[in-house]
Amino acid sequence: GSAGGGSAAGSAAGGADGGEQGVSSTERSVYGQAFDALKAGSYSVAISGFQSFLKQYPSSPLAPNAQYWLGEAHYVNQDYAAAEGDFQAVLDNWPSSGKAPDAMLDLGNTQLAQGKTTKGRATLRRVVSQYSGTDAATRAQARLKQTSSH
């Protein structure tokens, strides 16, 4: 991205330094199509939709969500390596996003699904300590109980 000085000017031409509300209708529809595909179980359509959204609108307020749902779609397709990268990207690029606790939880689950038990359990423990009190932390704790019996 280029550093634009004028805040009000040139926002239509893809200047994505608007606040959380700065989501264009085009953005919303591209995101919405991918999300609808995901809900309908058309995972490959959802994956390409979210990927092109992230290419076109990397600094959109919806980008962390797109990255997260991309991971979910990869996970359901059992493409665990891709899912792991997606969830990690949410944590790397948007650590304070509302999707971060879920992304870390799902990162742990993805690692467990790949047989990386030690790594997965460590990630789940981080969810519990970093995001205590959240729904993600509760679910991480339950998952830790399940995996400890082996």
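For the structure itself, look to the data block above.
Residues numbered from 1 in each chain as written. Predicted model: local features only at pLDDT ≥ 70, side-chain atom pairs only at ≥ 80, totals over all residues. Heavy atoms only, no water.

Overview of the overall build of the chain
Where we set the bar: In DSSP terms, a helix is any run of H or I states spanning at least four residues, a strand is any run of E spanning at least two, and both are numbered starting from the N terminus. Relative accessibility decides the category of a residue: with a 1.4 Å probe and only protein chains considered, values under 20% of the type maximum give buried, values over 50% give exposed, and everything between is partly exposed. Two residues qualify as a contact provided that any one of their heavy atoms is within 4.5 Å of a heavy atom in the partner residue.
Secondary structure summary: the chain contains 7 helices and 0 strands in total. In the chain, which comprises 150 residues, the share counted as buried stands at 41%. In the chain, 47% of the contacts between residues at least 6 apart in sequence involve partners at least 24 apart.

Focus on the environment of Ala-100
For Ala-100, the position within the fold is in helix α5 (residues 100–113). Classification of Ala-100 as buried rests on a relative accessible area of 0%. On a C-alpha basis, the gap between Ala-100 and Val-90 in space is 6.4 Å, while along the polypeptide they are 10 residues apart.

Describing the environment of Gly-120
Structurally, Gly-120 is set in helix α6 (residues 117–130). Under the relative-accessibility criterion, Gly-120 is labelled buried at 0%. With 16 residues separating them along the chain, Gly-120 and Met-104 place their C-alpha atoms 9.9 Å apart. Among all residues touching Gly-120, those that are not within four sequence positions of it are Gly-108, Gln-111 and Leu-112.

Comments concerning the packing of helix α3 (residues 63–76) against helix α4 (residues 80–93)
For clarity, the cut-off: The convention used is that axes are lines fitted to C-alpha atoms, helices contributing only their stretch in contact, and that angles between N-to-C directions extend from 0 to 180 degrees. Angles are sorted into four bins: roughly parallel if under 35 degrees, roughly antiparallel if over 145, roughly perpendicular if 65 to 115, and oblique for all others. Note on convention: near helix rotated counterclockwise from far helix by under a right angle means a left-handed crossing. Clockwise means right-handed. Lys, Arg, Asp and Glu make up the charged group, whereas Ala, Val, Leu, Ile, Met, Phe, Trp, Tyr, Cys and Pro make up the nonpolar group; the residues left over, Gly among them, are polar.
Packing of α3 against α4 leaves a shortest axis separation of 8 Å and a crossing angle of 160 degrees. With respect to α4, the element α3 is oriented roughly antiparallel. Judged by the twist between their axes, the crossing of α3 over α4 is left-handed. Of α4, the residues touching α3 (which contributes Pro-64, Gln-67, Tyr-68, Leu-70, Gly-71, Glu-72, His-74 and Tyr-75) are Tyr-80, Ala-82, Ala-83, Asp-86, Phe-87, Ala-89 and Val-90. Partitioned by chemical class, the residues of the contact of α3 with α4 number 10 nonpolar, 3 polar and 2 charged.

A closer look at the pattern of salt bridges
Rules: A carboxyl oxygen of Asp or Glu within 4 Å of a side-chain nitrogen of Lys or Arg is what we treat as a salt bridge.
According to the stated counting rule, one finds 5 salt bridges in the structure shown. The partner of Asp-36 in a salt bridge is Lys-39, with the nearest N and O atoms 3.8 Å apart. You can see Asp-36 and its partner Lys-39 sitting in helix α1 (residues 25–39), 3 residues apart, about one turn around the helix. Accessibility expressed as a relative area gives 45% for Asp-36, which makes it partly exposed. Measuring nitrogen to oxygen at the nearest pair gives 3.9 Å for the salt bridge that ties Lys-119 to Glu-84.

Concerning the packing of α1 against helix α2 (residues 43–56)
For the pair α1 and α2, interaxial distance at closest approach is 7 Å and the crossing angle is 155 degrees. One way to sum up the angle between α1 and α2 is to call them roughly antiparallel. The two elements α1 and α2 meet at a crossing, and its hand is left-handed. Touching Glu-27, Val-30, Tyr-31, Ala-34, Phe-35, Ala-37 and Leu-38 of α1 are Tyr-43, Val-45, Ala-46, Gly-49, Phe-50, Phe-53 and Gln-56, all from α2. In the contact of α1 with α2, the residues fall into 11 nonpolar, 2 polar and 1 charged.

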